[in-house]
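# Survey of secondary and tertiary structure
The primary structure of each chain is shown beneath.
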Amino acid sequence: MVTAVLAACTTPATQREAAAENLPADPNALVLGAEMALQRGQYLEASKAYLRAAQASNDEELAEQATRVAHEHRQWTVVQASAERWLELNHTNEEARRFAAFAALHLYRINTAAEHLGILLDTAFINPQAGFLALLPQLADEGTPSGATAVLRQLVVKYPDVTEAHYALAQAASQSDNLALAMEHARKARELGPYWSPAGLLLARLQMLTGDADGALATAKQVIDQDNQDSNRLEYALMLMQAGKEEQGRKELSALANSESTGTVVERALADIDFQLGNRDSAAQRFSNLVSSGRFVYESLFYLGAIAEGREAWDDAAQIYARVTGGEFAMAAQTRLARLKVKQEGLDAGLKHLEEFGATRPQYRIETITARASLLSANGDSAGALALLDTALKAYPDAVELRFARIFQLESADKVDEAIADLRHLVADRPNDPSATNALGYTLVDRTRHHKEGLDLIEQALTETPDSGAVLDSMGWALHRVGRSQDALGYLEHAKRRINDPEVDLHLGEVLLALDRKDDARDVWKRASERYPENNEIKQRLQKLN
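### Focus: the overall build of the chain
Each helix and strand in the chain was counted, giving 33 helices and 0 strands. Over its C-alpha atoms the chain spans a radius of gyration of 26 Å, differing by no more than 12% from the 24 Å that the globule rule assigns to 546 residues. Based on the C-alpha atoms only, the size of the chain along its principal axes is roughly 75 × 60 × 50 Å. When each of the 546 residues of the chain is scored for burial, the buried share is 50%. By sequence separation, contacts in the chain at least 24 residues apart represent 50% of the contacts at least 6 residues apart.

### Quick notes on empty space enclosed by the protein
Considering all chains together, one arrives at 1 cavity of 30 Å³ or more under this definition. Considering the residues around the largest cavity, the lining is formed by Glu-72, His-73, Arg-74, Pro-362, Arg-365, Ile-366 and Tyr-396. Counted by class, the lining of the largest cavity contains 3 nonpolar, 1 polar and 3 charged residues.

### Points about the packing of aromatic side chains
Applying the stated rule across the entire model yields 10 aromatic pairs. With 5.4 Å between their ring centres and 75° between their planes, Phe-302 and Tyr-303 make a pair best called edge-to-face. Overall, the relative accessible area of 8% leaves Phe-302 in the buried class. In this structure Tyr-303 comes out as buried when scored by relative accessible area, which is 15%.

### Things to note about the confidence of the model for the chain
The share of residues in the chain with pLDDT of 70 or more is 96%, and the mean pLDDT across the chain is 93. Note that pLDDT drops below 50 for residues 1-21; the model gives that stretch 29 contacts with residues more than four away or on any other chain.

### A short note on helix α32 (residues 518-531)
The terminal C-alpha atoms of α32 lie 20 Å apart, and with 14 residues this matches the ideal 20 Å at 1.5 Å per residue to within 8%. Listed in full, the buried residues belonging to α32 are Ala-521, Val-524, Trp-525, Ala-528 and Ser-529. All buried residues of α32 lie within an arc of 130° about the axis, which places them on one face of the element. Exposed positions of α32 whose direction lies more than 90 degrees from the buried face are Asp-519 and Glu-530. Elements in contact with the buried residues of α32: α31 (502-514) and α33 (536-545).

### Some details on the packing of helix α13 (residues 197-209) against helix α15 (residues 230-242)
Direction vectors running N to C along α13 and α15 enclose 5°, while the axes themselves pass 11 Å from each other. Between α13 and α15, the crossing angle belongs to the class labelled roughly parallel. Counted together, Ser-197, Leu-201, Ala-204, Arg-205 and Met-208 of α13 and Asn-232, Glu-235, Met-239 and Gln-242 of α15 form the full contact between these two elements. Residue classes in the contact of α13 with α15 are distributed as 4 nonpolar, 3 polar and 2 charged.

### Some words on the side chain of Thr-437
Examined against the element boundaries, Thr-437 turns out to sit in helix α27 (residues 434-447). Judged by its relative accessible area of 1%, Thr-437 is buried. Contact partners of Thr-437, with chain neighbours within four places excluded, come to Val-427, Leu-457, Gln-460 and Ala-461.

### Side note on the nonpolar core
In a soluble, globular protein the nonpolar side chains are often hidden away together inside. Membership of the largest hydrophobic core comes to 41 residues, with the highest contact counts inside it found for Leu-117, Phe-132, Val-151 and Leu-152. By residue number, the principal contributor to this core is helix α11 (residues 163-175), which donates 7 residues. Excluding residues within four positions of it along the chain, Val-151 makes contact with Leu-105, Ile-110, Ala-113, Ala-114 and Leu-117.

### Comments concerning the pattern of salt bridges
Overall, the coordinates contain 37 salt bridges when judged by the stated rule. For Arg-68, the salt bridge is made with Glu-64, and the minimal N-O distance between the two is 2.9 Å. Highlighted residues: Arg-68 and Glu-64, both in helix α5 (residues 60-72), separated by 4 residues, approximately one helical turn. Given a relative accessible area of 32%, Arg-68 falls into the partly exposed group. With a closest N to O distance of 3.6 Å, Asp-505 and Arg-531 form a salt bridge. With Asp-505 in helix α31 and Arg-531 in helix α32, this pair connects stretches of sequence that are 26 residues apart. A network of salt bridges, in which partner residues are shared, links Glu-246, Arg-250, Glu-267, Asp-274 and Arg-286.

### Quick look at the layout of surface pockets
By volume, the second largest pocket amounts to about 790 Å³. Looking at the second largest pocket, it is lined by 17 residues, and the ones nearest its centre are Arg-205, Leu-238, Gln-242, Ala-269 and Asp-272. The set of elements that each furnish at least two residues to the lining of the second largest pocket consists of α13, α15 and α17 (263-277). Classifying every residue of the lining of the second largest pocket by side-chain character gives 9 nonpolar, 1 polar and 7 charged.

### Comments concerning unusual backbone geometry
The phi torsion at Asp-177 lies on the positive side, around 60°, for a residue other than glycine. You can see Asp-177 is positioned in the loop between α11 and α12 (179-192). Residues other than glycine seldom take positive phi values, yet Glu-312 does so here, at roughly 65°. Glu-312 gets classed as exposed once you look at its relative accessible area, which sits at 57%.

### Remarks on the environment of Val-79
Residue placement: Val-79 occurs in helix α6 (residues 76-89). Here the alpha-carbon distance between Val-79 and Ala-103, two residues 24 residues apart in the chain, equals 6.1 Å. With near-sequence residues (within four places) excluded, Val-79 lies in contact with Thr-67, Ala-70, His-71, Phe-99 and Ala-103.

### Let's talk about the side chain of Arg-430
Here Arg-430 shows up in the loop between α26 (416-429) and α27. At a separation of 2.9 Å, a polar atom in the side chain of Arg-430 contacts the main-chain carbonyl oxygen of His-106.

### Section: the packing of helix α8 (residues 110-123) against helix α10 (residues 145-158)
The interhelical angle for the contact between α8 and α10, taken along N-to-C directions, is 50°, at an axis separation of 9 Å. For the element pair α8 / α10, the angle class is oblique. The hand of the α8/α10 crossing is right-handed. Contacts between α8 and α10 involve Ile-110, Asn-111, Ala-113, Ala-114, Leu-117, Gly-118, Leu-121 and Asp-122 from the former and Gly-147, Ala-150, Val-151, Gln-154, Leu-155 and Lys-158 from the latter. Looking at the contact of α8 with α10, its residues break down into 8 nonpolar, 4 polar and 2 charged.

Calculation criteria
- Residues numbered from 1 in each chain as written.
- Predicted model: local features only at pLDDT ≥ 70, side-chain atom pairs only at ≥ 80, totals over all residues.
- Heavy atoms only, no water.
- Helix = DSSP H or I, 4+ residues; strand = E, 2+ residues; numbered from the N terminus.
- Rg over C-alpha atoms; globule rule 2.2 N^0.38 Å.
- Buried < 20%, exposed > 50% of the residue type's maximum accessible area, 1.4 Å probe, protein only.
- Contact = heavy atoms within 4.5 Å.
- 1 Å grid on protein atoms, 1.4 Å probe; cavity = no way out; pocket = protein on both sides within 12 Å on 5 of 7 lines; lining within 4 Å.
- Points joined across faces, edges and corners; volume = space filled by probe spheres on them.
- Nonpolar A, V, L, I, M, F, W, Y, C, P; charged D, E, K, R; others polar.
- Phe/Tyr/Trp six-rings, centres within 6.5 Å; stacked < 30°, edge-to-face > 60°.
- pLDDT = per-residue confidence, 0-100.
- Expected span 1.5 Å × (residues − 1).
- Arc of directions from axis to C-beta.
- Axes fitted to C-alpha atoms, helices over the stretch in contact; angles between N-to-C directions.
- Parallel < 35°, antiparallel > 145°, perpendicular 65-115°, else oblique.
- Core = buried A, V, L, I, M, F, W, Y, C linked by side-chain atoms within 4.5 Å.
- Salt bridge = Lys/Arg side-chain N within 4 Å of Asp/Glu carboxyl O.
- Polar contact = N/O pair within 3.5 Å; in protein donor to acceptor, adjacent residues only side chain to side chain.
- Left-handed = near helix turned anticlockwise from the far one by under 90°.

Now the structure itself:
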């Protein structure tokens, strides 16, 4: 029996599926095979073997082990199946239900995720209020913003009078670029909890985002009049800066700089402001202070690396980026370091660095694969990038990041039919996921004659994320492609306000040309060429226009 398991773990991928059908029923043999597959780095095969073992046994600990192994290696379909088996053995286990919920969220199975989370809200917390606050950061970490929003929309219906439910939905909707929905539920949270500071400050931030600076400052002032703690005053100070009241904002920040609770947060805010304004010496000093304090270390190191890179101090930048080995800035730093290695030592050095980083840190393994593919493509090896992604998808079939990356490479290689076929599968697997729907719609509009179908898909995505710069850009380009350039203009101008992306500038210039506004198109492309000096497409359009 062990021989059969080992055969399933060592044969080529085309034979492993057939071998899996003949796996032994003995849980012990399955576990042994799973452990050997893990040692060989065959994480999908290991996860499936653990799942089969759990299904063949009534041992709850084995079901838990199967779930945890699959989760560690991001095999979401297996995580969900293993967690469901765990729940069959112990339907009250809260950890099993969390794993089932978040695996469903990764797979964009919104109804399943909402069902599990609804049970957790009823059973796992002292009350639903505490549950929503506890689940909100987990939803942000485990799923996409649009997925979290879709789940929370279902849960709010069940808890219409819970302040924290509306607050959580408003936060998620803001992250998923649905500001009208965010504003609606932020107002409801403020109405239900008029003295709860987080609800008031969230409403103020959304008012600022939607252009109502005076309303935002008034709301924030009401909050600090009710609750004058330093963290609330800090939020108010930052809003003053954002509203253009820099002198008043800096005065408020200076008053908070020596506070034990907010001092380092103030330093971080001032460092970020200096960086954005181009005051790099001041920013570098502040980020260095933060590193010395032990707060916001990875973030500060990333920006110190960026400052060194901007000064063309390549060795300094590389040494600093190498220290960013965890947190949300890790992959950005390691990708920049890989590019520096390509520049200094060649492509193989950059690829090797990313491969080694992913090998020692499983949580970044998929991201390092997509970064390697991007590096290969940027250096003229599209075939190598596709081959890498094809291999990776056999090991991580549920990784939506890899699926999107492969589709992008197919489009870049002019394999449009194959890209569209993959996109249709992605949309079928993830119904109502606006990222997938928008990607298919844009590709149909941009690369085929199926403009009407593409426009319909983009409109569908826009209902979910009406303030997404990417979807607004798609909508504008789709309207232009169907001959409605005047209608397209407003969408593209809105997209430009939402994101900085050379693609938006390219599209906006084309639409302005179609509207006989040649000087405006030239101005858009001239400013874009200054902002994105390495973008050859913008340079070519500008040269052709001139």
